[in-house]
Amino acid sequence: MNSSPLQFVSIDQALDIINKTIEEIDGFETVSLEQSLNKILAEDVYSSSDYPPFDVSLMDGYALCAEALFSEGEKEFAIASEIYAGKAVSKTFDPNQCVKVATGAAVPKPFDLVVIQEEVILKDGRIKIKGKYNKGDNIKKAGEEIQRGQLLCCKGQKIDSRLINLLASLGIHQLKVKPTLRVHLFSTGEEIKPVGTTISYGQIFDSNRIFLQNALKELGVCVEGGNIVQDDFDAVENEMNKAKKSQANLIISTGGLSVGEKDYVAKFIDKKCWIYFKKIAIKPGRPFSFSSFEGIPFFSLPGNPPAVLVSFYALLREAVAKRMGWSINPFIKFKAPIAIEMRKKAGRVEYYFGKELYNQYQRFVEPVSLKDPAGFLSALKADVLLSLPSQSTFIPKDMPVDCIRL
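Computed from a predicted structure; not experimentally measured.

Rules used throughout
Residues numbered from 1 in each chain as written. Predicted model: local features only at pLDDT ≥ 70, side-chain atom pairs only at ≥ 80, totals over all residues. Heavy atoms only, no water. Patch = residues over 30% accessible without salt bridge, like charges linked within 9 Å, V, L, I, M, F, W, Y side chains within 5 Å. Areas by Shrake-Rupley, 256 points an atom, 1.4 Å probe, with all protein chains shown as cover. Salt bridge = Lys/Arg side-chain N within 4 Å of Asp/Glu carboxyl O. Lys, Arg positive; Asp, Glu negative; His and termini not counted. Charge placed at Lys NZ, Arg CZ, Asp CG, Glu CD. Helix = DSSP H or I, 4+ residues; strand = E, 2+ residues; numbered from the N terminus. Buried < 20%, exposed > 50% of the residue type's maximum accessible area, 1.4 Å probe, protein only. Pairing = 2+ DSSP bridges. Axes fitted to C-alpha atoms, helices over the stretch in contact; angles between N-to-C directions. Polar contact = N/O pair within 3.5 Å; in protein donor to acceptor, adjacent residues only side chain to side chain. Contact = heavy atoms within 4.5 Å. Domains from an automatic or database assignment. Parallel < 35°, antiparallel > 145°, perpendicular 65-115°, else oblique. Left-handed = near helix turned anticlockwise from the far one by under 90°. Nonpolar A, V, L, I, M, F, W, Y, C, P; charged D, E, K, R; others polar.

What am I meant to see in a negative patch on the surface here?
A grouping of Glu190, Glu191, Asp232 and Asp234 is seen on the molecular surface, where their side chains present a negatively charged patch. Tracing the sequence through the fold places Asp234 in helix 5 (residues 233-245). Assessed through its relative accessible area of 54%, Asp234 is described here as exposed.

See the structure below:
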């Protein structure tokens, strides 16, 4: 449909096109805090109260007034009350008194320090202080950690368990979030069979679909479809129409992108889709296609499993995050010196699954394997995806290279 699609782009061009083309899904929904894990915030969230909401004792001990404690002469303090966590106190106390407090208990006015119980001499309902203390010791002041009106988290941030913990502590029980992204996923190829079935010589299990299905779920995406589509134009078109009918926000396929007689995904893209680009100057993952079908972004990945792994971490994650509305630090990227010298062909970025290592001086990275740079086992052992620059043919030891945290 596109009369002049980009046939071949660099990785930087591909990422730039994706970033400029993909838009986050519209709207929002309100969910309970308990249901918000892995969703994307649709608005900034501010604190409606101070935290802690009152002065809190950090130790088991006795709350006193610093001014009375620091007055001249040895002082004894009468124990006026005992206060435990969760106990409300409305009584007014004299500065020359003290109260026994438990860890987590509210410290009433006018008391402004807590003496730990091991540092007092207790006799007949009165205490003497053995150690030296300063105003504020062993107390967390009201609002010391969070103030009313303080920005807690921003639109575009993914909600994790740590953020849920913070919001729960402030009593925030509902959030506005982006709608869950719905991705329609399918594989193509006569040679691939579902995991759990018996395969014949020349056939392989459909690991690509299983990987993508679970990798997308880890991002917080709803995955639909999951079919193995036969090598037939009508079958591919039928699957794409299913995705459209289900109102998917994104379509992803694997396989069928070469120029062979049975590569019907490529034929379907040429005939039915608006094409942004068809190939990328990378290894592995060169036949990675980005198009649009009836307004739905469509990413077509190669059938080669290492290429699918690399394509997901180098490209597809970025697109999915953008479509989700996940704009606050979705993936960690950094540069690190490489531990060994390497050689490559000019004109393409080459990817290796690697390990992030440390010595006493610095962080560095090295490939898991030179023989199988992007295979299943290399991916399993890796914690980064490292890329060797396009125009270089020789990468000397200690040269900084681009890395993506997996």
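Explanation requested: the sheet that holds strand 17 (residues 222-229) in the structure shown.
The strands making up a sheet are joined through hydrogen bonds of the backbone, oriented either antiparallel or parallel. In space, the seven strands of this open sheet follow the order 1-19-21-22-18-14-17, with mixed pairing throughout. The open sheet is flanked by strand 1 (6-9) and strand 17, the only strands paired with a single partner. Along the sheet, successive strands turn relative to each other by an average axial angle of 20°, direction set aside. Sheet topology places strand 14 (residues 182-188) next to strand 17; seven bridges connect them, and they run parallel. In the sheet register, Phe186 faces strand 17, and the bridge partner there is Asn227.

It is not clear to me how the pattern of salt bridges should be interpreted in this structure. Could you clarify?
It is possible for side chains of opposite charge to pair when their charged atoms get near one another. By the definition in use, this model includes 21 salt bridges. A salt bridge links Glu224 to Arg182; the nearest nitrogen and oxygen atoms lie 2.9 Å apart. Remark: Arg182 occurs in strand 14 and Glu224 occurs in strand 17; sequence separation between them is 42 residues. Where Asp270 meets Lys278, a salt bridge forms, and the shortest distance between an N and an O atom there is 2.7 Å.

Please clarify how the side chain of Lys278 should be interpreted in this entry.
On the secondary structure map, Lys278 appears in strand 19 (residues 274-280). Residue classification places Lys278 among the buried residues on the basis of a relative accessible area of 18%. Within the structure, Lys278 has its side chain in polar contact with the side chain of Asp270 (distance 2.7 Å). If near-sequence neighbours (up to four positions away) are discounted, Lys278 is found in contact with Leu6, Gln7, Asp270, Arg286, Pro287, Phe288 and Ser289.

What am I meant to see in the domain arrangement of the chain here?
Quite often, the size of an interface is put as the accessible area lost when its parts meet. For the chain, the domain assignment lists domain 1 (11-26 + 180-324), domain 2 (29-51 + 144-178), domain 3 (56-140) and domain 4 (333-405). For domain 2 and domain 4, the distance between their C-alpha centres works out to 37 Å.

Quick question: what am I supposed to make of the packing of helix 1 (residues 11-21) against helix 7 (residues 305-324) here?
Any two packed helices are characterised by the angle at which their axes cross and by the distance between the axes. Between helix 1 and helix 7, whose axes approach to 10 Å, the crossing angle comes to 15°. In terms of their interaxial angle, helix 1 and helix 7 are classed as roughly parallel. Helix 1 and helix 7 meet at a crossing whose hand is right-handed. From helix 1, Ile11, Ala14, Leu15, Ile18 and Asn19 reach across to helix 7, where they touch Ala314, Leu315, Glu318, Ala319 and Lys322.

Which parts of the structure should I look at to understand the environment of Thr180?
Locating Thr180 in the fold gives a position in the loop between strand 13 (174-177) and strand 14. Of the residues examined, Thr180 reaches a relative accessible area of 28% and is grouped as partly exposed. Separated by 155 residues in the primary sequence, Thr180 and Ile25 have C-alpha atoms spaced 9.0 Å apart.

What exactly am I supposed to notice about the packing of helix 4 (residues 207-218) against helix 7 here?
As a packed pair, helix 4 and helix 7 sit with axes 11 Å apart at the nearest point and diverge in direction by 25°. In terms of orientation, helix 4 and helix 7 fall into the roughly parallel class. The hand of the helix 4/helix 7 crossing is right-handed. For the pair formed by helix 4 and helix 7, the contact residues are Ser207, Asn208, Phe211, Leu212, Ala215 and Leu216 on the first element and Pro305, Val308, Leu309, Phe312, Tyr313, Leu316 and Val320 on the second. Residue composition of the contact of helix 4 with helix 7, by class: 11 nonpolar, two polar and no charged.

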